Number of protein chains: 2
Amino acid sequence: MEKVINPKKAEWSSLLERPTQTVEDIEATVNEIFQEVKHKGDEAILRYTSLFDGQQLEQIEVSKEQIERAVDNISEELKTAINLAKSNIEWFHKAQITAPVEVETMEGVNCWTQKKAIQKVGLYIPGGSAPLFSTVLMLAVPAQLAGCEEVVLCSPPNKDGSLANEILYTAHLCGIKKVFKVGGIQAIAALTYGSETIPAVYKIFGPGNQFVTVAKQIATKYGVAIDMPAGPSELMVYADESANSAFVASDLLSQAEHGTDSQVVLVTTSKRLFSELEVEINAQMKPLPRKEIAGKAIQNSKLILLEDETLCLDMINEYAPEHLIIVSENEDFFLKGIKNAGSVFVGAYTPESAGDYASGTNHTLPTNGYAKQYSGVNLDSFLKSITFQKISEKGLKNIGPSVELMAEAEGLQAHKHAITLRLNQLKRQE
Amino acid sequence: MEKVINPKKAEWSSLLERPTQTVEDIEATVNEIFQEVKHKGDEAILRYTSLFDGQQLEQIEVSKEQIERAVDNISEELKTAINLAKSNIEWFHKAQITAPVEVETMEGVNCWTQKKAIQKVGLYIPGGSAPLFSTVLMLAVPAQLAGCEEVVLCSPPNKDGSLANEILYTAHLCGIKKVFKVGGIQAIAALTYGSETIPAVYKIFGPGNQFVTVAKQIATKYGVAIDMPAGPSELMVYADESANSAFVASDLLSQAEHGTDSQVVLVTTSKRLFSELEVEINAQMKPLPRKEIAGKAIQNSKLILLEDETLCLDMINEYAPEHLIIVSENEDFFLKGIKNAGSVFVGAYTPESAGDYASGTNHTLPTNGYAKQYSGVNLDSFLKSITFQKISEKGLKNIGPSVELMAEAEGLQAHKHAITLRLNQLKRQE
């Protein structure tokens, strides 16, 4: 745990540097798998699933019966919890629906927008040690609200060749009809090109390890959009003298248990917190089942003491954290000043966990400083906006002469002519 | 000009295929220039400007004096036209401002969003035969409305080593303070890494040739976002028996003059239009200064006769045109049914030129079928949405137990603990 007191601004960028990602090393593998899946389809997908996941599958699509069995195997308690989370996520994402924009920019010149669902989307749910069914909620709920016609879910098979009941239950709850036991690069390639059983989609969503991340980046070369580039998950906490150090430590640890490469940073103006926190973290870490992982992430974490709140705010905006917790007696100052962050958690009783699962906000967020230019996943991520214009005869008379002049100045005579022809016709009619 | 009557649906995808782009061939060049600009900054930029643009520049930044001189050199007539276009574009993009979303998803659980400007953006304006100052309007107006703090414009120097007066005037009008005479791959590399004089930005906007397009794609590997991938410009027209064939021909030609690789497609249910159009196009093409270019694009263009409107609508949605003109007695059928298009022009007096310059809609639009998953540039392209949540003690009691259960089921005990700790504290206080 690195403890830093009043670092100079010139040192901030190296202090806040994220671990470099090794895109280039992985690219060759990704390109090879993409080519194989493109040309050999399911055969290649099954081969890579055997190679990387150690599973000899006969079928990659999860059957109706398997989904029904999963639904029966979830406890009523957990179903109620998932339903509560789903309901909150629906509320917040439904509130993001925007009315169509309609403007008469000049008399007779009507412009408007209409948002339409992206017809086909792919949702990637990582596998690994835990079944991340909460990510199914975060992606499938807005996809369903947007009205996407085809929603395809891919997730790597676990050790018995199946998907976790929780993932299947949540997918079923969100109306997803197509679920495939395919993960890693081969899943992203399948969603990009399509195969005999997996449909190609227009946009791919969801987190993943570095292989999936590079595969998504490569997929954008072949006509597919992605939600956003991804890196390891991260949390920055700003806490002042009013903060409870046990609460803050628990939040830092909840981020740290995600992975050894998780980023955890505390920025504070409180000397008390700065000195208490290490002890508190170590005490809370001991009983954790994932303490090995959390411990490594905590080793790379940073506690930074700064002189005043303005400096802290500057540091927040320079780091652009995926998750940001603000515990401050002066919280309005921060709420007004935050320029770059994915999702912000305000106050002592708003731990990151709440937003990870159930407050209603989305947990698929920009990491690695991308909060400077990307939003987290939201309803609009599943829509695109089409613009329309309808110009009356009067309207064309109003803007036509300006268009003619501008087209002429750009050397585009045919653009001008399309206007002139119509204006002449209108003159003849007068 | 390929004329096709009632093609079978199975043939549509090859019929509507866009020319393949040669990303791979260009990647090596792009990577090399990126490395040079990253490590050698201005020296490399000047070297490539000499190599590719044939200009030995001493300064790449356009001075205040040069901008003032440009302003004096634009005719009052053209200034008025540009001002009118700017005003319409402002109206339409200002109308896209959305209110913050605020929802209490459960009692004591408050979630909201706030949109914030992307602080630093780069606008790329292509050079070549004509000064595309209209693109300056389309990018700079929403950047200014969004409140981007730093707006950087790059455009390649023309044959006398300067930028066109029209570009400088329009940039000045839109409040852009930093204008650089740098184009091509080296401009995109400079905006990605920054150099001694050109600031690095968070997102790069604007069209360009295939080198710029590949450079933007590569830039996304290095922490920069882009507006969208780009391909050659394209127009699909649906016109029925009611359409004026001279108007339709003028629209097809206005698209065709953009470049020899422009895509021009007419879909119609009218046998009259289908047979008249070729003669009309040839007649209108003759006097055009860019008839060589338009002629080549028209050679590759397609006139497609289909049996009914439903098939035409299906073909529109399968092609997902950048620009779509609808001239139909049954226009509501199309307006309701369009799923994939960049910008739509409705009716006989709404030529594409009107939207290219002055109706108010944006002309930076998804090409190459990307209208299936991308919006054109709009106000939100310059903003990102940050989510916030604030949970009261009551709120945490409401959602806490569900979060505990879900975190447990995902095997994330520290996530659970961050809740349990707080709920225990609340119990003690009771």
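All values derive from a computational prediction rather than experimental measurement. (Residues numbered from 1 in each chain as written. Chains lettered and ligands numbered in written order. Predicted model: local features only at pLDDT ≥ 70, side-chain atom pairs only at ≥ 80, totals over all residues. Heavy atoms only, no water.)

### Considering the pairing of strand 4 (residues 120-124) of chain B
Residues and elements named next belong to chain B.
- With 4 of its 5 residues buried, strand 4 lies for the most part within the structure.
- Judged from the 5 bridges that link them, strand 4 and strand 5 (residues 150-154) form a sheet pairing that is parallel. By the bridge assignment, Lys120 is partnered in strand 5 with Glu150.
- By the bridge criterion, 3 bridges tie strand 4 to strand 7 (residues 203-205) in an arrangement that is parallel. Residue pairing across strands places Gly122 opposite Ile204, the latter belonging to strand 7. (Buried < 20%, exposed > 50% of the residue type's maximum accessible area, 1.4 Å probe, protein only. Helix = DSSP H or I, 4+ residues; strand = E, 2+ residues; numbered from the N terminus. Pairing = 2+ DSSP bridges.)

### What about the pairing of strand 10 (residues 263-268) of chain A?
Residue and element names in this part refer to chain A.
- Most of strand 10 is tucked away: 6 of the 6 residues are buried.
- Note: strand 9 (residues 234-239) against strand 10, 6 bridges, orientation parallel. Looking at the pairing, Glu234 lines up with Gln263 of strand 10.
- Handedness of the strand 9-helix 10 (residues 245-256)-strand 10 crossover: right-handed.
- Direction of pairing for strand 10 relative to strand 11 (residues 302-305): parallel, over a ladder of 4 bridges. Residue pairing for strand 11: Val265 is matched across the bridge by Lys302. (Right-handed = clockwise from strand over helix to strand, strands pointing away.)

### Description of unusual backbone geometry
Residue and element names in this part refer to chain A.
- In this structure, Asn6 is a non-glycine residue whose phi angle is positive, near 45°.
- As for its placement among the helices and strands, Asn6 is situated in the loop between strand 1 (2-5) and helix 1 (9-15).
- The class for Asn6 is partly exposed, based on a relative accessible area of 34%.
- Within the chain, Ala320 stands out as a residue other than glycine whose phi angle is a positive 55°.
- Look at Ala320 and you get buried, because its relative accessible area is 0%.

### Quick look at the relation of the copies chain B and chain A
- With an RMSD of 0.0 Å, the fit of chain B onto chain A corresponds to turning through 180° and sliding 0.0 Å along the axis. These values place the two chain copies in the arrangement generated by a two-fold rotation axis. Proximity to the rotation axis, assessed at the C-alpha, singles out B:Thr98 in chain B; its C-alpha lies 3.7 Å from the axis.
- Mapped onto chain A, 100% of the interface residues of chain B again fall at the interface, so both copies present the same surface. (Least-squares fit on C-alpha atoms with pLDDT ≥ 70 in both. Contact = heavy atoms within 4.5 Å.)

### Section: the environment of A:Ala219
All names here are of chain A.
- As for its placement among the helices and strands, Ala219 is situated in helix 9 (residues 210-219).
- We classify Ala219 as buried; its relative accessible area is 0%.
- Taking C-alpha positions, Ala219 is 39 Å from Thr105, a pair spaced 114 residues apart along the chain.
- The residues touching Ala219, leaving out its near neighbours within four places in the chain, are Phe34, Ile188, Thr192 and Val224.

### Let's talk about the packing of helix 5 (residues 76-94) of chain B against helix 7 (residues 165-173) of chain B
Residue and element names in this part refer to chain B.
- Relative orientation of the contacting elements helix 5 and helix 7 amounts to 45°, with a least axis distance of 11 Å. If you check the angle between helix 5 and helix 7, you find them oblique. The two elements helix 5 and helix 7 cross, and the hand of that crossing is right-handed. Where helix 5 approaches helix 7, its residues Leu78, Lys79, Ile82, Asn83 and Lys86 are matched on the opposing element by Glu166, Tyr169, Thr170 and Leu173.
- Here the residues of the contact of helix 5 with helix 7 are counted per class, giving 4 nonpolar, 2 polar and 3 charged. (Axes fitted to C-alpha atoms, helices over the stretch in contact; angles between N-to-C directions. Parallel < 35°, antiparallel > 145°, perpendicular 65-115°, else oblique. Left-handed = near helix turned anticlockwise from the far one by under 90°. Nonpolar A, V, L, I, M, F, W, Y, C, P; charged D, E, K, R; others polar.)

### Things to note about the domain arrangement of chain A
- Taken domain by domain, chain A consists of domain 1 (2-20 + 232-360), domain 2 (23-99 + 118-229) and domain 3 (392-429).
- A C-alpha centroid distance of 59 Å is found between domain 1 of chain A and domain 3 of chain A. (Domains from an automatic or database assignment.)

### Details of the state of the cysteines
- All chains considered together, the criterion is met by 0 disulfides over all chains.
- With no disulfide of its own, B:Cys111 lies closest to A:Cys174 among cysteine sulfurs, the gap being 17 Å. (Disulfide = S-S within 2.5 Å.)

### Some thoughts on the packing of helix 10 (residues 245-256) of chain B against helix 11 (residues 271-285) of chain B
Residue and element names in this part refer to chain B.
- Orientation of helix 10 relative to helix 11, taken along the N-to-C sense of each, is 60°, at an axis distance of 8 Å. With respect to helix 11, the element helix 10 is oriented oblique. At the point where helix 10 passes helix 11, the crossing takes the right-handed sense. Here Ser245, Ala246, Val248, Ala249, Ser250, Leu252 and Leu253 of helix 10 lie close against helix 11, whose contacting residues are Arg272, Leu273, Glu276, Leu277, Glu280, Ile281, Gln284 and Met285.
- Residue composition of the contact of helix 10 with helix 11, grouped by class: 9 nonpolar, 3 polar and 3 charged.

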